[in-house]
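# Structural overview for review
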Amino acid sequence: MAKPLIVARDLSIIYNKGKSNEFKALQGVNTDIYEGEYIILFGPSGCGKSTLMYSIQGSLPPGEGTLLIKGDDVYSYPPSERVYFQRYVMGIIFQSFNLIGSLSVLDNVALPMIFCDTDKTTRNRRAQSLLDRFGVGHVSHKLPAMLSGGQQQRVSVARSMVNDPKILLADEPTGNLDSVSTQQVMDKIDEINTFDRRTIIMVSHNAAHLSYAHRVYYLKDGFIVREVVNPQRKQIKPVREGETIVTELEQLARLYPYDSVETLRVKSMVNFLTQEFTFDQIIRIERAIGLFIQGRVDRDSLIKSLILSPERGGVGISEREARAMATTAEKMIDRSADIKRFRARKDNDNIFFSQHKLAERMRDHLVHEFRIKLTKEQDENLIELIADRVTGVVTQEELNERLAKGVRARGLALSEKEADTMTRYFEKIIAQGVDVSYKN
Ligand code: ADP
């Protein structure tokens, strides 16, 4: 069986040891990282992520415990050997790029090869080909400051690969980048892992990155509090029997990375008590409904994606359920169009008549939906109440109260339960039809 590439056992890192400001930044850390793995060290600022990474990089010796790379204690190496290790075994990318401003992009990338046994032409050729590969070959003659942040980071990705390292370390590599550049840099790092089969260890506090990794170590206050396997990637680290099942808690930890285990347990329980769907299904339903609300898929496609099996990217519910869901969603979107129209004409006094018509239509919908029969007074009160609520004259709570109040108090005399259900439904429709900017 393959041995891990990087092994930490009861590793502690202590800053300012023996001084009054002594600080234990890492405590009792145990990790096994295998060749070819993509590992993310995740957690809030100050939890010790960078400390762990720089310890692996050979810059922070263990205060307690051991750290072995390929079975070797790099901290026992003589200085020259340690430098060799840092230069040829490890590549590194920093959040702030760390390019040399006075050198051209090409020279920046060629520089780490200066100690190699190759001539300048060969070095430049290799640097240029890496720059080409990472999409910045056309700016190789420029100074770093003339490049965008995303381009500079891709230059430093090229630089990190120049000595063909086994392990690539990345310290919040997209922390200073916009979302488009972030995507490009993340894709390049992913390619180095999947295509070049290099081991990646990345420090990040961006939850969106977690899906790239094989495994994530969650750190908090200097401890590794959780290790989560990404079920979407084929695992390299041998998983012991029983460990292959990805528990819901692990899944939740990926969705809500900053919540404590206790909170995740509560979420899991509440989900079970209140909803028949798993979190996975909810996420897929959200995606499908999102497209439907935006009008990017029609009713039939929505139903299809709800019925489709989970293995094929669907939700996996029955056709009957899917149709019922699509009907309700469609109805709500339809009615919300009336709400939009109503609100849009709110300031125009001359169209009172059509506003009244819109309120009547919504009344018809509610009466039909809840299968209730109303007296003439109740009917008038409901129309008034709808108009008041849609224009924001009454709050959700007042709507709810009025629905349960007697007819003479301009209510509908519904039971409390009926009033609650109708309020909830109507509020959902309003939510679809009213822009948030109206709230001010
Ligand atoms: P992260 O990368 O998760 O933001 P770090 O590993 O940089 O966290 O830091 C972990 C803790 O160690 C922090 O509380 C930080 O203030 C402290 N720390 C980091 N570097 C030093 C240092 N050189 N001397 C003293 N304390 C340090």
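For clarity, every value in this text was computed on a predicted model and none was experimentally measured. Per chain, residues are indexed from 1 in the order of the written sequence. Where local features are concerned, this predicted model is filtered to residues with pLDDT of at least 70; where side-chain atom pairs are given and counted, the filter is 80 or more; whole-chain, interface and lining totals use all residues.

## A closer look at the overall build of the protein chain
Segments assigned H or I by DSSP are reported as helices when at least four residues long, segments assigned E as strands when at least two residues long, and all are numbered from the N terminus. Broken down by element type, the protein chain carries 15 helices and nine strands. Each radius of gyration is computed over the set of C-alpha atoms, and the globule rule expresses the reference value as 2.2 Å times the number of residues to the power 0.38. Over its C-alpha atoms the protein chain spans a radius of gyration of 30 Å, topping by over 25% the 22 Å that the globule rule assigns to 440 residues. Remark: C-beta atoms are placed from the backbone, and a residue is labelled buried if 20 or more other C-beta atoms sit within 10 Å of its own, exposed if 12 or fewer do, or partly exposed between those counts. For the protein chain, the proportion of its 440 residues judged to be buried stands at 31%. Note on contacts: residues are paired as contacts if their backbone-placed C-beta atoms lie within 7 Å. Contacts in the protein chain between residues far apart in sequence, at least 24 positions, make up 62% of those at least 6 positions apart.

## Comments concerning helix α15 (residues 416-433)
The terminal C-alpha atoms of α15 lie 26 Å apart, and with 18 residues this matches the ideal 26 Å at 1.5 Å per residue to within 8%. Residues of α15 that are buried: Ala419, Met422, Thr423, Phe426, Ile429, Ile430 and Gly433. Looking down the long axis of α15, one finds its buried residues gathered within 130 degrees of arc, a one-sided arrangement. Exposed positions of α15 whose direction lies more than 90 degrees from the buried face are Lys417, Arg424 and Ala431. Expected helix span is given by 1.5 Å per residue-to-residue step, counting one fewer step than there are residues. Picture the helix axis, draw a direction to every C-beta atom, and the arc is the one those directions span.

## Observations concerning the site of the ligand
Taken together, 13 residues are adjacent to the ligand, and Tyr15, Ala25, Lys49, Ser50 and Thr51 come closest. Here the shell around the ligand takes three residues from helix α1 (residues 49-56), the largest share from any one element. Partitioned by chemical class, the residues of the shell around the ligand number five nonpolar, seven polar and one charged. We call a residue near a molecule or strand if the C-beta atom, set from the backbone, is within 6 Å of it. In this classification, the charged set is Asp, Glu, Lys and Arg, the nonpolar set is Ala, Val, Leu, Ile, Met, Phe, Trp, Tyr, Cys and Pro, and all remaining amino acids, among them Gly, are polar.

## Quick word on the nonpolar core
Core analysis: the biggest nonpolar cluster contains 64 residues, and Ile39, Leu41, Val109, Leu131, Ala158, Ile200 and Ile201 have the highest contact counts within it. Filtering out sequence-adjacent residues up to four positions away, Ile200 remains in contact with Tyr38, Ile39, Leu168, Ala170, Ile189, Ile192 and Asn193. Ala359, Met362, Ala387 and Leu399 belong to the second-largest nonpolar core, a separate cluster that totals 19 residues. The term nonpolar core means buried Ala, Val, Leu, Ile, Met, Phe, Trp, Tyr and Cys residues held together as one set by C-beta atoms within 7 Å.

## Quick word on the domain arrangement of the protein chain
Domain boundaries in the protein chain define domain 1 (6-238), domain 2 (279-317) and domain 3 (342-439). An automatic or database domain assignment is the source of the domain bounds shown. Each of domain 1 and domain 2 was reduced to a C-alpha centroid, and the two centroids are 38 Å apart.

## Description of helix α13 (residues 376-390)
In a regular helix each residue adds 1.5 Å, so 15 residues correspond to 21 Å; α13 covers 21 Å between its end C-alpha atoms and thus fits that length. Those residues of α13 lying buried are Asn381, Leu382, Leu385, Ile386, Ala387, Arg389 and Val390. Two residues or fewer after α13 comes Gly392, characterised by a positive phi angle close to 85 degrees.

## Examining the sheet that holds strand β2 (residues 23-33)
Strand pairing follows a simple DSSP-based rule, namely that at least 2 bridges must link the two strands. With respect to topology, three strands assemble into an open sheet ordered β2-β1-β4, the strand pairing being antiparallel. The open sheet has two edge strands with one neighbour each: β2 and β4 (64-69). Going across the sheet, the axis of each strand differs from the next one's by a mean of 25 degrees, ignoring polarity. The pairing of strand β1 (residues 6-15) with β2 spans seven bridges and is antiparallel. Fitted lines through C-alpha atoms serve as axes, helices being fitted only where they are in contact, and the angles separating the N-to-C directions of these axes extend from 0 to 180 degrees.

## Quick word on the packing of helix α14 (residues 396-404) against α15
For the pair α14 and α15, interaxial distance at closest approach is 8 Å and the crossing angle is 140 degrees. The angle between the axes of α14 and α15 places the two elements in the oblique class. Of the two possible hands of crossing, α14 and α15 adopt the one that is right-handed. Counted together, Gln396, Leu399, Asn400, Leu403 and Ala404 of α14 and Glu416, Ala419, Asp420, Met422, Thr423 and Glu427 of α15 form the full contact between these two elements. Grouping the amino acids of the contact of α14 with α15 by side-chain chemistry returns five nonpolar, three polar and three charged. Convention used here: angles under 35 degrees read as roughly parallel, angles over 145 as roughly antiparallel, angles from 65 to 115 as roughly perpendicular, and any remaining angle as oblique. Definitions for this section: a left-handed crossing has its near helix turned counterclockwise from the far helix by less than a right angle. A right-handed crossing has that turn clockwise.

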